[in-house]
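Report on the structure
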Amino acid sequence: MSNTVTQAPAHDDHHEAPKGLVRWLTTTNHKDIGTMYLLFALLMFFVGGAMALIIRLELFQPGLQYVQPEFFNQMTTMHALIMIFGAVMPAFVGLANWMIPLQIGAPDMALPRMNNFSFWILPFAFTLLLSTLFMPGGGPASGWTLYPPLVQQTGDALPFVILAIHLMGISSIMGAINVVVTIMNMRAPGMTLLKMPLFTWTWLITAYLLIAVMPVLAGAVTMLLTDQFFGTTFFHAAGGGDPVMYQHIFWFFGHPEVYIMILPAFGIISEIIPTFARKPLFGYDAMVYATASIAFLSFIVWAHHMFTVGMPLAGQLFFMFATMLIAVPTGVKVFNWTATMWRGAMTFETPMLFAIAFLFLFTIGGFSGLMLSIVPADYQYHDSYFVVAHFHYVLVPGAVFAIMAGVYYWLPKWTGHMYDETLGKIHFWLSVIGVNVTFFPQHFLGLAGMPRRIPDYATQFANFNMMSSIGAFIFGLSQLMFVYIIFKAIRGGAKATAEVWDSPKGLEWTVPSPAPHHTFDEAPQVK
Amino acid sequence: MLTATFRRGLAAAMTALAATLAPAATLANDWQLNMPIGVTDISADVYRLHMTILWICIVIGVIVFSAMIYSIFRHRKSLGVEPAKFSHSTKVEVVWTIVPVFILIGMAIPATETLVRMEDTSGSDLTIKVTGYQWLWEYEYLDEDVRFFSRLHRDSDRARQLGSGIDPFSVENYLLEVDNRMVVPVDAKVRLLLTAGDVIHAWWVPDFAVKKDAIPGFINEVWFQANETGVFRGQCAELCGRDHGFMPIVVEVKSQEDYQAWLAAQRGELGDRPVASTNR
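Note that this is a predicted model, so its numbers are computed, not measured. (Residues numbered from 1 in each chain as written. Chains lettered and ligands numbered in written order. Predicted model: local features only at pLDDT ≥ 70, side-chain atom pairs only at ≥ 80, totals over all residues. Heavy atoms only, no water.)

Re the interface of chain B and chain A
Every contact between the two is made by 94 residues of chain B and, on the other side, 103 residues of chain A. Looking only at chain B, the three residues that lose the most surface to chain A are B:Trp96, B:Leu162 and B:Leu239, adding up to 8% of its buried area. For the pair chain B and chain A, the number of links is one salt bridge. Measuring nitrogen to oxygen at the nearest pair gives 3.7 Å for the salt bridge that ties A:Asp502 to B:Lys77. Taken together, the elements giving at least two residues each to the side of chain B that touches chain A come down to α1 (2-21), α2 (41-74), α3 (90-119), β7 (210-214) and β9 (230-236) of chain B. (Contact = heavy atoms within 4.5 Å. Buried area = accessible area lost by both parts, 1.4 Å probe. Salt bridge = Lys/Arg side-chain N within 4 Å of Asp/Glu carboxyl O. Helix = DSSP H or I, 4+ residues; strand = E, 2+ residues; numbered from the N terminus.)

Here's the deal with the environment of B:Val64
Summarising the element assignment, B:Val64 is placed in helix α2. Through-space distance from the C-alpha of B:Val64 to that of B:Thr229 is 44 Å; in sequence the pair is 165 residues apart. Excluding residues that lie within four positions of it along the chain, B:Val64 makes contacts with A:Val334, A:Phe335 and A:Thr338.

As for the state of the cysteines
All names here are of chain B. Here the structure, examined in full by the defined rule, presents zero disulfides over all chains. In this model Cys236 remains outside any disulfide bridge; the closest cysteine sulfur is found in Cys240, 3.9 Å from its own. Overall, Cys236 belongs to the buried group, its relative accessible area being 0%. (Disulfide = S-S within 2.5 Å. Buried < 20%, exposed > 50% of the residue type's maximum accessible area, 1.4 Å probe, protein only.)

Some words on the confidence of the model for chain B
Residue and element names in this part refer to chain B. Averaged over chain B, the pLDDT score is 88; the fraction of residues at 70 or greater is 86%. When pLDDT is averaged over each helix and strand of chain B, the minimum, 50, is found for α1 and the maximum, 98, for strand β6 (residues 201-205). Confidence drops under pLDDT 50 across residues 16-28; counting only partners more than four residues distant or on other chains, this segment forms five contacts. Note that residues 271-280 has pLDDT below 50 and, in this model, 21 contacts with residues that lie over four places away or in other chains. Among the scores for the predicted complex, ipTM is 0.91 and pTM is 0.92. (pLDDT = per-residue confidence, 0-100.)

Thoughts on the sheet that holds strand β3 (residues 146-150) of chain B
Residue and element names in this part refer to chain B. The strand order β3-β2-β1-β5-β8 describes an open sheet built from five strands, whose pairing is mixed. Taken across any chain shown, the strands that pair with only one partner, and hence form the sheet edges, are β3 and β8 (220-224). Adjacent strand axes in the sheet meet at a mean angle of 25°, parallel and antiparallel pairs treated alike. Of the pairings in the sheet, the one linking strand β5 (residues 190-196) to β8 comprises five bridges and is antiparallel in character. The residue bridging Arg191 from the neighbouring strand is Trp223, located in β8. (Pairing = 2+ DSSP bridges. Axes fitted to C-alpha atoms, helices over the stretch in contact; angles between N-to-C directions.)

With respect to the pattern of salt bridges
Evaluated as defined, the whole model comprises 19 salt bridges over all chains. Where A:Asp383 meets A:Arg452, a salt bridge forms, and the shortest distance between an N and an O atom there is 3.5 Å. Of this pair, A:Asp383 sits in the loop between α12 (375-381) and α13 (385-415) while A:Arg452 sits in the loop between α14 (421-447) and α15 (462-491), and the two are 69 residues apart along the sequence. For B:Glu144, the salt bridge identified is with B:Arg267, shortest N-O distance 2.5 Å.

Right, here's the structure in full:
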């Protein structure tokens, strides 16, 4: 039976790969495209990070010292758009490109040319988005959620921002279709769905979320466009519209989007912890079902982002109960990871350190999320720095740490070289200290009454803001080490073996390091 | 300038330390860590809910983190342990799925109860229409012929300009003072009708546990009943453009007599500039 699928392609040795820029422009190889996605994400991480540092610099002390409030608002807006759509999402797509074919024993992604196209849209989308900063009226300043009517006060930038969002959406949808088609059709013989590695599983579910909600975002921003330029009044009360309807539509996209940024992280952590605990993942099936439950619940909790808009009591109760329920599958995941470490034989290389930090700090973000679900208390937390602390805990030591863990974990497979372990550990400790010094005091600021998205604050908030800014600079600058470590490993270092780590599980460890340009020309057999 | 700020931070740290050691009620709020209990029954309930859920999180956190930390220290290869082989246990998996459900139900009941009371705006003693504009508030006392605007106090406004050279610490209630305060009587159920003239704003006073969006073209209702007199401060909580950070809310809760006197004074001035509610 396997004969029919394992014929080696005859053209393997006669492709004349173009060199230089043309190679990268025209490549359809999943590894090349994965690399481009990852490097693009890294670049955007620094662009968005620079904006965060401008924000924290201004907030270092009360009073306005460096920027005008309108520019500050552009920074908060762009920081979020760039980090979400430019850094975190492309980083996960890059990891998906590299690892999904390797994990399921496929020679490439199912739709390689579309894969190339979905990457190359991104540089244009982000050039467009960043260029709005130089337009009359500046970039978007209404927060990344682009709430009307405020967003209608954007200068010339608005249509460009909307076009950029459309481009990012198209790119994401194409990437997601590619992931679904690849996983559904190109698994090696014997790899049933419930034998797939969890990173692949979480990405499969994420891809469905993307396909479901990116068009919703596209619809919402298109309505903004027609309201602005074509006289519609979807969100104008004066014309019979409702600004709150935008928020409902936006968050119907926005909440699944939150899980789009965390489910693949769950997958990465579920790969790393078993490897370094030398013990199989605890409760594999439960992990898959928990991921699916979280994905389902993500569609019915959107209004918890907008409890203060004045919804009917029954609506608020529904969204409160549904939101609280998310704690159950998320709890299952945290417990299962803990049980995976339990009675293992752990070592603490850099990927494992980041994974453990994820486990602790994502859990803290989960706790504050549970607190936010309690509507009466949410009235106090909403739009305060408590919320800022909450979502940064799930996104930075959550999503971003998981990406870094994944990069350290698979870097030897990609480059064929071990990264510098000592530098990796220093990078880890600086990051983990920086993140906590930055974001933990923000809980206190929010509870004490500091609203988010303000460029200046009352003097009683000065101490924790100063602390937070110091942490932000520690975190931000220590990421330069990350770049150095990556490029050092690309250029050389100790040779990595095929397995890299101590008998890790998964097909990706059966191919040599670095993974050759073409892998699994013959499909492996999975028992 | 930076060193001065550092020094001030240090001084504040000392004060906070002294305040925690001293049995004083006047705790320096420079290091305020927690939500205020506030001055309404609802705000106290909200505070209790907040503390309950916080303690639930802390207890679960201590259990889970202890297991992780124990595991990190004891189950490491350098101690020569052999990894166990187990990969699931239906029994514990069912337990840690079911137990959280019961904890959540236990939490949902008081939360629902408080929410139901918060949403009940009936039987109010007075109604004030609050309109948010970029970047000030308008208060209109319905049936009282009193109506005025309330914007950032001039001292704060001067100090907050980029490069003003004015030290914010030298301004009393920097960014949290207005020219005309909203005034309400103590022990009265005050109903607010919130709307906006341009973009969405949100009216937030932490001591009342009230935060509600003011949405152009729509009216939101919210209420509070302050149990003590005093001055309570808050800020706009929904990004509303350039000066979002500069449209504070100040509510002065007065005794019934003082409130009536204030109302009378306001009415006397109607048609002319409204007088400031403070003596500044």
